[in-house]
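# Coordinate inspection notes
Here is how the chains run, residue by residue.
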Amino acid sequence: MSLIIYGTQYGTSKNYAEKLAAIMGAAAVDYRKLPRNIDEPEVVFVGALYAGRMTGLKKVLQVLEPEKHRLTLVTVGMTDPAHPTLLTELQQPLRKKIAEKQLELRGIYHLQGAVNYETLALKHKMLIKPMLLVFKKKKPEKLDAQAQMMLQAFEKTSPVVIDFVAFAEKIQN
Ligand SMILES: Cc1cc2nc3c(=O)[nH]c(=O)nc-3n(C[C@H](O)[C@H](O)[C@H](O)COP(=O)(O)O)c2cc1C
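About the thresholds
- Residues numbered from 1 in each chain as written.
- Predicted model: local features only at pLDDT ≥ 70, side-chain atom pairs only at ≥ 80, totals over all residues.
- Helix = DSSP H or I, 4+ residues; strand = E, 2+ residues; numbered from the N terminus.
- Rg over C-alpha atoms; globule rule 2.2 N^0.38 Å.
- Buried ≥ 20, exposed ≤ 12 C-beta atoms within 10 Å, placed from the backbone.
- Contact = placed C-beta atoms within 7 Å.
- Pairing = 2+ DSSP bridges.
- Right-handed = clockwise from strand over helix to strand, strands pointing away.
- Near = placed C-beta within 6 Å.
- Nonpolar A, V, L, I, M, F, W, Y, C, P; charged D, E, K, R; others polar.
- Axes fitted to C-alpha atoms, helices over the stretch in contact; angles between N-to-C directions.
- Parallel < 35°, antiparallel > 145°, perpendicular 65-115°, else oblique.
- Core = buried A, V, L, I, M, F, W, Y, C linked by C-beta atoms within 7 Å.
- UniProt positions renumbered as here; feature names shortened; annotations may be inferred.

With an unreviewed UniProt entry as reference, the protein chain is termed Flavodoxin domain-containing protein, source organism Enterococcus xiangfangensis.

This is the structure in structure tokens:
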């Protein structure tokens, strides 16, 4: 029996978690509304990435118990899953946090998210705008992989297409 928890700021991770929940026959719950005790032994946490941090991971790790739960982590962000090193670098500190808690990590996966500059909160616009201006002034070959990823993410117009049935199968095997 699985429980799907999500941590989101703009709804993409919630949407992904609800799609997975429908396919897996599980419930999807916001990390801010977690009960004190989680009965399901299998927990899938779908969390949005902001500056390398996963929204809600701290709370999820507080509630899960090493003897009782196994965790599958699904990061949601603009990082390209096909990039050879970015994902590994991004996941390393997350793995460390889970190991410190002595929780069993069943798997760690990544789904491409969505971003729309116009709908961002002011605090995020203020972070992103100067960063994009700096990146745009540089020649593309002078940008590191993370910078290229951010620039592409905010210029991208077509939404990502994810096969959730295949993804649900992958994370359950
Ligand atoms: C201020 C800001 C910082 C971000 N940092 C990262 C990041 O470090 N890594 C990443 O892959 N995506 C990053 N993103 C992209 C978001 O993770 C992406 O838009 C995601 O779909 C948001 O999910 P949510 O709608 O569930 O909040 C960032 C977006 C913003 C606005």
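## Quick look at the overall build of the protein chain
Counting secondary structure elements, the protein chain contains six helices and six strands. Start at the N end of the protein chain and walk to the C end: the helices and strands fall as β-α-β-β-β-α-β-α-β-α-α-α. Relative to the compact-globule value of 16 Å for 173 residues, the protein chain shows a C-alpha radius of gyration of 17 Å, a close match. Taking the principal axes of the C-alpha coordinates as reference, the protein chain spans close to 50 × 30 × 30 Å. Across the 173 residues in the protein chain, those meeting the buried criterion constitute 21%. Taking the intrachain contacts of the protein chain between residues at least 6 apart in sequence as the baseline, contacts between residues at least 24 apart amount to 74%.

## Quick look at the pairing of strand 6 (residues 104-112)
The sheet contact formed by strand 5 (residues 70-77) and strand 6 spans eight bridges and is parallel. Pairing of Leu71 across the sheet is with Leu105, part of strand 6. Handedness of the crossover joining strand 5 and strand 6 through helix 3 (residues 86-100): right-handed.

## Brief notes about the site of the ligand
Residues in contact with the ligand amount to 22 residues; listed here are only the nearest, Tyr10, Thr12, Ala48, Gly77 and Gly113. Classifying every residue of the shell around the ligand gives 12 nonpolar, 10 polar and no charged.

## As for the packing of helix 1 (residues 12-24) against helix 6 (residues 164-172)
For any two helices packed against each other, the geometry is given by the interaxial angle and the distance between the axes. Orientation of helix 1 relative to helix 6, taken along the N-to-C sense of each, is 75 degrees, at an axis distance of 10 Å. Judged by the inter-axis angle, helix 1 sits roughly perpendicular to helix 6. Contacts between helix 1 and helix 6 involve Lys19, Leu20, Ile23 and Met24 from the first element and Phe164, Val165, Ala168 and Gln172 from the second.

## A word on the nonpolar core
Counting 27 residues, the largest nonpolar core has Ile4, Ile5, Ala17, Leu20, Phe45 and Val46 as its most contacted members. Apart from residues no more than four positions distant in its own chain, Leu20 is found in contact with Ile4, Val44, Val46, Phe164 and Ala168.

## Focus: the environment of Gly56
Within the element layout of this structure, Gly56 appears in the loop between strand 4 (53-54) and helix 2 (57-63). Considering only alpha carbons, one finds Gly56 and Leu103, 47 residues apart in sequence, at a separation of 16 Å. Sequence-distant contacts of Gly56, defined by excluding residues within four places in its chain, comprise Gly7, Tyr31 and Gly47.

## Structural notes on the UniProt feature "domain: Flavodoxin" (unreviewed entry) in the protein chain
On the UniProt side, "domain: Flavodoxin" (unreviewed entry) is annotated at positions that read residues 3-133 here. The span residues 3-133 carries 36% helix and 28% strand; its end-to-end C-alpha distance comes to 41 Å.

## Describing unusual backbone geometry
Here the phi dihedral of Ala51 falls at roughly 50 degrees; this positive angle occurs in a residue that is not glycine. Mapped onto the elements of the fold, Ala51 is located in the loop between strand 3 (42-50) and strand 4. We classify Ala51 as exposed; it has 5 C-beta atoms within 10 Å. Of note, the phi angle at Gln102 is positive, near 60 degrees, even though the residue is not glycine. For Gln102, the position within the fold is in the loop between helix 3 and strand 6.

## Considering the packing of helix 4 (residues 122-137) against helix 5 (residues 145-155)
At a minimum axis distance of 10 Å, the contact between helix 4 and helix 5 shows a crossing angle of 110 degrees. Classed by the angle they form, the pair helix 4 and helix 5 counts as roughly perpendicular. The segment helix 4 lies against helix 5, with Met131, Leu132 and Phe135 engaging Ala147, Met150, Leu151 and Phe154. Residue composition of the contact of helix 4 with helix 5, grouped by class: seven nonpolar, no polar and no charged.

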